[in-house]
Amino acid sequence: MASERTAAPASLADSRVLVRARWLATVVVLFGVVTIIAGGAVLSGQVDGGKVVPFVLWFNFLAGFFYVAAGVAIARLSRWAPRLAGLLAGATTALAVAFAAHVARGGAFEPRTALALAVRAGAWAVIAYASARLVAAGRASAERRLGKRVAGGQARPR
């Protein structure tokens, strides 16, 4: 069945890549917007966050803006989208390590924070991988389309 996929017309392959990229981008942007709203509500005092760890709260709030940027980059199949997603995965993992050190020193914390950090780091690792695959597929589709416009080995100027 894999040969059927590779034999699909370029326009069908292109549309599948775009649909998947837009779906992932929508999830990432919504994740970012929810993160900004939730973090902003706790920072402004509108919501009681419990035993808040300030550096975790500030990181997550500010990272929400980068989540939105990553979502836009994924939707556009930008080359830097997987890099930003990977950076967010690494930064969230580093934050989890700093949080673990805070807990080990006896700092106050909410147990849900540990789970949330693990989920976020894992989610960003998956998003980085998926966006890298989507960007590569989008680039390959663009090269196939460009190849159709090639005359005499050189691309026609636009």
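Reference entry: report on the structure contained in this document. (Residues numbered from 1 in each chain as written. Predicted model: local features only at pLDDT ≥ 70, side-chain atom pairs only at ≥ 80, totals over all residues. Heavy atoms only, no water.)

1. Comments concerning the overall build of the chain
Moving on, step 1. Helix and strand counts for the chain stand at five helices and two strands.
Moving on, step 2. Its helices and strands taken in sequence order, the chain reads α-α-α-α-α-β-β from the N to the C terminus.
Moving on, step 3. Burial statistics for the chain: of 158 residues in total, 34% are counted as buried.
Moving on, step 4. Of the contacts made within the chain by residues no fewer than 6 positions apart, 75% connect residues no fewer than 24 positions apart. (Helix = DSSP H or I, 4+ residues; strand = E, 2+ residues; numbered from the N terminus. Buried < 20%, exposed > 50% of the residue type's maximum accessible area, 1.4 Å probe, protein only. Contact = heavy atoms within 4.5 Å.)

2. Section: helix α4 (residues 81-104)
Moving on, step 1. The end-to-end C-alpha distance of α4, which contains 24 residues, comes to 34 Å, matching closely the 34 Å that a straight helix rising 1.5 Å per residue would cover.
Moving on, step 2. Every buried residue belonging to α4 is among Ala-81, Pro-82, Leu-84, Ala-85, Leu-88, Ala-89, Thr-92, Leu-95, Phe-99 and His-102, and all of these are buried.
Moving on, step 3. Immediately beyond the C-terminal end of α4, within one or two residues, lies Gly-106, with a positive phi of roughly 90°. (Expected span 1.5 Å × (residues − 1).)

3. Some details on a nonpolar patch on the surface
Moving on, step 1. On the surface, a cluster of nonpolar side chains totalling about 510 Å² of accessible area is made up of Leu-43, Trp-58, Leu-62, Phe-65 and Phe-66.
Moving on, step 2. Of all the elements, helix α3 (residues 54-75) adds the most residues to the nonpolar patch, at four residues. (Patch = residues over 30% accessible without salt bridge, like charges linked within 9 Å, V, L, I, M, F, W, Y side chains within 5 Å. Areas by Shrake-Rupley, 256 points an atom, 1.4 Å probe, with all protein chains shown as cover. Salt bridge = Lys/Arg side-chain N within 4 Å of Asp/Glu carboxyl O.)

4. A few points about the environment of Ser-78
Moving on, step 1. Summarising the element assignment, Ser-78 is placed in the loop between α3 and α4.
Moving on, step 2. By relative accessible area, which is 14% here, Ser-78 ends up buried.
Moving on, step 3. On a C-alpha basis, the gap between Ser-78 and Arg-139 in space is 9.4 Å, while along the polypeptide they are 61 residues apart.
Moving on, step 4. Once residues lying within four places of it in the same chain are set aside, the contact partners of Ser-78 are Ala-73, Val-135 and Arg-139.

5. A word on the packing of aromatic side chains
Moving on, step 1. Across all of its chains, the model carries six aromatic pairs by this definition.
Moving on, step 2. Ring plane angle 15° and centroid distance 5.1 Å describe the contact between Phe-31 and Tyr-67, whose orientation is recorded as stacked. Of the two residues, Phe-31 is situated in helix α2 (residues 10-43) and Tyr-67 in helix α3; the sequence distance between them amounts to 36 residues.
Moving on, step 3. We classify Phe-31 as partly exposed; its relative accessible area is 26%.
Moving on, step 4. Judged by relative accessible area, Tyr-67 falls into the buried class, the value being 0%. (Phe/Tyr/Trp six-rings, centres within 6.5 Å; stacked < 30°, edge-to-face > 60°.)

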